[in-house]
Amino acid sequence: MEMRRYGKTDMTVSVLGFGGAEIGFRGASTAEVERLLGTALDAGLNVIDTAECYRTSEELIGQAVSHRRSEYYLFTKCGHAAGLPGTDWQPEVLEASIDRSLKRLRTDYVDVIHLHSCSLDVLKRGDVIEVLLKAKEKGKTRYIGYSGDSEAALYAVRTGVFDSLMTSVNIADQEAIDLTLPEAMARGMGVTVKRPVANVAWRTGRRPEDPYAVPYWERLQVLDYDFLKGDFETSVGIALRFALSIPGVHTAIVGTSNPGRWEQNAKLLEAGPLPAGQIEAIRRVWRERAGKDWIGLE
């Protein structure tokens, strides 16, 4: 699997990373996650991303692969109370959330803690940033980052204090390509792409039942890319290669509960970066058809 240096950090990451939301929300078993993550690590994947509010995700990851901790970089997020006393974005809640995450993940430290899509107003207060800086000083995390999109993400990047940016980039979500990624690159930030295949919203050819995928489905009806009308696996490969061909992107987080999906995705990437002409064709369709209110989706 292709590896890329994660900005100015000392991490060299696999271009495919594991997104832990689905295993938590679906209520996967420890045995399932052991097989899923074991297969992924054996295939060369070395980035695992989760969050405090993905239900049982952190616990499952800790139970399944904490004994292989030296083989992967571990990212989590904080910000939501998610069962803790208090409200979202209170500094004391963030501190407690970080400690809880370490306990759940069965580790003394994570490699990156991202602020979990907090608003521009919260960022401007500064106290949540201070919590992450203190966690870094205490060795609870090696690096700190911001996870989110649009103007809040741009503000976070411009503060110059974050090592990492997690943001949405895909064939139906391209705001970050012009708004935040150039500034992140200029600052040497590591960049993780979430939703790199747009929740595969075109999978069935019908409006998805999952509300999480509906906005992308609606956008794709307007964008009407020709390559989505052909072979499904080919279309997934084009979409994934597009996200990973954007300058400044280092790894793409894909969530799945199918152990075989990692090898399938890795095989799709064997074709290499998407040709420049194809990238430009996708970008041109976006520029011509995207709505002015099509901001990055959280």
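Residues numbered from 1 in each chain as written. Predicted model: local features only at pLDDT ≥ 70, side-chain atom pairs only at ≥ 80, totals over all residues. Heavy atoms only, no water.

Quick look at the pairing of strand β7 (residues 141-147)
- With respect to burial, β7 is a largely interior element, six of its seven residues being buried.
- Pairing analysis gives six bridges linking strand β6 (residues 110-116) to β7, with the strands arranged parallel. By the bridge assignment for β7, His114 is matched with Gly145.
- Pairing between β7 and strand β8 (residues 164-168): three bridges, direction parallel. Bridge pairing links Tyr146 to Leu165 in β8.
- Chirality of the crossover, the property in question, places the unit of β7, helix α7 (residues 150-159) and β8 among those that are right-handed. (Buried < 20%, exposed > 50% of the residue type's maximum accessible area, 1.4 Å probe, protein only. Helix = DSSP H or I, 4+ residues; strand = E, 2+ residues; numbered from the N terminus. Pairing = 2+ DSSP bridges. Right-handed = clockwise from strand over helix to strand, strands pointing away.)

As for the sheet that holds strand β10 (residues 251-254)
- Judged by pairing direction, the barrel is parallel, and its eight strands sit side by side in the order β3-β4-β5-β6-β7-β8-β9-β10 before closing back on the first. Neighbour to neighbour, the strand axes of the sheet diverge by 30° on average, direction disregarded.
- Strand contacts of helix α12 (residues 261-268): β3 (16-19) and β10, with the helix running at about 150° to β3, the strand carrying the most contacts. (Axes fitted to C-alpha atoms, helices over the stretch in contact; angles between N-to-C directions. Contact = heavy atoms within 4.5 Å.)

Description of the pattern of salt bridges
- Under the counting rule described, the total for this entry stands at 22 salt bridges.
- The salt bridge involving Asp178 is made with Arg283; its shortest N-O contact spans 3.0 Å. A residue pair is termed long-range when its members are at least 10 positions apart, and Asp178 in helix α8 (residues 175-179) and Arg283 in helix α13 (residues 276-289) qualify at 105 residues.
- Taking relative accessible area as the criterion, Asp178 reaches 54% and is therefore assigned exposed.
- Looking at Arg283, the relative accessible area reads 7%, which means it is buried. (Salt bridge = Lys/Arg side-chain N within 4 Å of Asp/Glu carboxyl O.)

This is a description of form; function is not addressed.
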